[in-house]
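Each chain, written out:
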Amino acid sequence: MSIIRDIILYAISVLLGVITVGGFMTSIPAGVLFLLATLLCLPATHSLLRKLTGNKAGKGIFALIGFLLALVLAFAGGMLAANKERAEEETKSNAKTAGSISTIHMSVVEDDSTQRNDVGENDSVQSDDAGKDALTDTEDKSDTEKKISQETTNDIPEPSRLEVHFLDVGQGDATLIKCGGQYMLIDAGDDTKGTVIWNYLRKQGVETLDYLILTHPDSDHIGGAPVVLTKFDVNHVFVSNYKKDTTAYHKLIQALDDQLIEAATPNTGSTYNLGNATFQILAPVNTYNNANDSSIALMVTHGENTFLFTGDAEIQAEADMLVNGNSVDADVYQVGHHGSSSSSSSNFLNAVSPAYAVISCEEGNSYGHPHAEVLNNLRTMDVDVFRTDEQGSIVATSDGKEITWNCAPTTSWQAGERTLSGGRDDDEGDTDELVEAESDSEKTDYDGEYILNTNTMKFHLPDCASVDEMAEENKETSKLSREEIMEDGYEACQNCNP
Ligand SMILES: [Zn+2]
Ligand SMILES: [Zn+2]
């Protein structure tokens, strides 16, 4: 055996080890490299060392050392390669293929089935569409989003950066705020968005939420909260003092009970820390007889930058905030009540005088959000407006002085169209249940009971054939109105058409 050949073999094995460790060839499975490095290292090292030392008795030990060396190299390389691939996958998450969407969905369903409870069941039933929606939604926008976000967020060192993510959760609100390794979620979309929010937060590295603020108990704000509470450790949960007798609300209370979390109602005026940012509770100032006006409002301050969130607070609550005297002046205003004209009165808007505004609503929503009056006022004030129905999830980054965005503001200035029949208007101060009911309201004559299927999330008339076939444990009788039931996430049966 030639010593030169052994040296060449050894060099090749070291080279392979280096390639593996460097994680340069992540497309080649780490396992193949592992195998090659091991096979080549073993005889080469053994033979080389034996020749160098001339000690035949020691060859077993040398062979073992060579083998272990290859093992360590290949293992370290494999770990590095896997980590690198995972990191790349995360940045490329927007460009996921259909294949990986179904993989994600599978893991969601599996996970939920292992800790089966009401929340998990409903969520897994409904997560399919919601998950796909969110992923396909972001697909279209991935290019600009990725480019801009890499330019902006990576420039600012993590501790002195605040990020506000306005998640695209269709008709509803969910906003993630990151600062100095701490996380706050304001609202959690409706009950079809729990999984979407969970996935988004996981990708943002969230393990613990320092604060979960549920501005008010409408289903488009609390529906996804049970999933969030189940999937993350949550240190503080703030809720409005307004209670509702709806399925979404009862599920939230149940989830809080299950997690042994006591939700608190914060005092208006009090201030909290999030990383090196602070936030102050601005509302509710009074008690109100409707959920929207009872919204918790808060101002997040990061250096010279300010962000205002008012939930669905309407004109009365806004006026009370102004009277109460805490400053509402903000750089970024999350437009109240999804851009409804029942909020963002001229007085309030003037006091906020935002440079930027974000509207969280769903394309083609039946409420006609955002309303033309609000858009026109913002346009007149020369505000840059971002919309989740047009731009998908929107990220604002603050360095304490300036705010940068991951996408361009709207140029459409297109108001929504009200498709709720009956000429009902949010301005009239209707209660929230009526305003937010997602339905055509032609069928309000029926005032009997409905039968709910808590598994399929469909509702039926009592004499519908499906009711007989329904498993007893999924059956629930409801005296709520059609609108209220739909607001809780139930769909009308196609056969009995309740
Ligand atoms: Zn809402
Ligand atoms: Zn509301």
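What counts and what doesn't
- Residues numbered from 1 in each chain as written.
- Chains lettered and ligands numbered in written order.
- Predicted model: local features only at pLDDT ≥ 70, side-chain atom pairs only at ≥ 80, totals over all residues.
- Helix = DSSP H or I, 4+ residues; strand = E, 2+ residues; numbered from the N terminus.
- Buried ≥ 20, exposed ≤ 12 C-beta atoms within 10 Å, placed from the backbone.
- Contact = placed C-beta atoms within 7 Å.
- Core = buried A, V, L, I, M, F, W, Y, C linked by C-beta atoms within 7 Å.
- Pairing = 2+ DSSP bridges.
- Right-handed = clockwise from strand over helix to strand, strands pointing away.
- pLDDT = per-residue confidence, 0-100.
- Axes fitted to C-alpha atoms, helices over the stretch in contact; angles between N-to-C directions.
- Expected span 1.5 Å × (residues − 1).

**Q** Explain the overall build of the chain to me, using residue names and the numbers behind them.
**A** Along the backbone of the chain there are 16 helices and 18 strands. The buried share of the chain, reckoned over its 498 residues, is 46%. If you take every contact in the chain between residues at least 6 apart in sequence, the share linking residues at least 24 apart comes to 71%.

**Q** Requested: an account of the nonpolar core, with residues and values cited.
**A** Of all hydrophobic cores here, the largest spans 81 residues; its most connected members are L185, I197, L212, V228 and L298. In this view, L298 contacts I213, F279, Q280, I281, L282 and F309; residues no more than four positions away in its chain are not counted. Grouped together as the second largest cluster of nonpolar side chains are 8 residues, Y450, I485, Y490 and C493 included.

**Q** Mind laying out the pairing of strand β3 (residues 182-186), listing which residues take part and the relevant values?
**A** Along β3, 4 of the 5 residues are buried, which leaves the element largely enclosed by surrounding structure. Between the end of strand β2 (residues 175-179) and the start of β3, which pair antiparallel, lie 2 residues, with G180 showing a positive phi angle near 50 degrees. As judged from the 3 bridges shared by β3 and strand β4 (residues 208-214), these two strands associate in the parallel manner. Within β4, the residue paired with L185 across the bridge is L212. At this point the chain moves from β3, through helix α6 (residues 194-203), to the parallel β4, and the crossover so formed is right-handed.

**Q** Tell me about the sheet that holds strand β15 (residues 450-453), residues and numbers included.
**A** What the 4 strands build is an open sheet, ordered β17-β15-β16-β18; its pairing is mixed. Two strands bound the open sheet, and with one partner strand each, they are β17 (475-478) and β18 (491-492). Where β15 and strand β16 (residues 458-460) come together, 3 bridges link them in antiparallel fashion. Bridge pairing in β16 places L452 opposite F459.

**Q** Residue-level account of unusual backbone geometry, with values.
**A** The omega torsion of the bond from A283 to P284 falls at 5 degrees, within 30 degrees of zero and hence cis. In this structure, P284 sits in the loop between β7 (277-283) and β8 (297-302). Here the bond from H369 into P370 is cis, since omega is -5 degrees, no more than 30 degrees from zero. Mapping P370 onto the fold places it in the loop between β11 (356-359) and α12 (372-380). Backbone geometry at D187 places phi at a positive 70 degrees, although glycine is not the residue there. With respect to the secondary-structure elements, D187 resides in the loop between β3 and α6. Even without being glycine, W413 reaches a positive phi, approximately 50 degrees. For W413, the position within the fold is in the loop between β14 (403-405) and α14 (432-436).

**Q** Requested: an account of the environment of G269, with residues and values cited.
**A** Relative to the elements of secondary structure, G269 occurs in the loop between α9 (247-258) and β6 (271-274). Judged by local crowding, G269 falls into the exposed class, with 12 C-beta atoms found within 10 Å. In this structure, the C-alpha to C-alpha distance between G269 and I281, residues 12 residues apart in sequence, is 5.2 Å. Once you skip the residues sitting within four places of it in the chain, G269 turns out to touch I281 and N326.

**Q** Before we move on, could you go through the environment of V358 and cite the residues and values that matter?
**A** Position of V358 among the secondary structure elements: in strand β11. Along the chain, V358 and V385 lie 27 residues apart, while their C-alpha atoms are 5.7 Å from each other. The contacts of V358, once residues within four sequence positions are left out, are F166, V332, Q334, V335, F386 and I394.

**Q** Can you lay out the confidence of the model for the chain for me, pointing to particular residues and giving the numbers?
**A** On average, residues of the chain score 78 in pLDDT, and 64% of them reach the 70 mark or higher. Low pLDDT (under 50) marks residues 23-27, which in the prediction has 9 contacts with non-local residues, meaning those over four places away or in another chain. This model gives residues 87-153 a pLDDT under 50, and the stretch forms 77 contacts once residues within four places in sequence are excluded.

**Q** An account of the sheet that holds strand β13 (residues 394-398) is needed here, citing residue identities and associated values.
**A** Strand order in the open sheet formed by 7 strands is β5-β4-β3-β2-β1-β13-β14, with mixed pairing between adjacent strands. Taken across any chain shown, the strands that pair with only one partner, and hence form the sheet edges, are β5 (233-239) and β14. Strand after strand, the sheet turns through a mean of 20 degrees between neighbouring axes, direction not considered. Where β13 lies against β14, 3 bridges are found, and the strand directions are antiparallel. Bridging from a neighbouring strand, A396 pairs with W405 of β14.

**Q** So what's going on with α9? Which residues, and what values?
**A** In an α-helix, one full turn covers 3.6 residues, which means residues spaced three or four apart are oriented alike. Taking 1.5 Å as the rise per residue, α9 with 12 residues should run 16 Å; its terminal C-alpha atoms sit 16 Å apart, in good agreement. Where α9 is concerned, the buried positions are T247, A248, Y249, K251, L252 and A255. Of the residues one or two after α9, L260 is the one with positive phi, at around 55 degrees.

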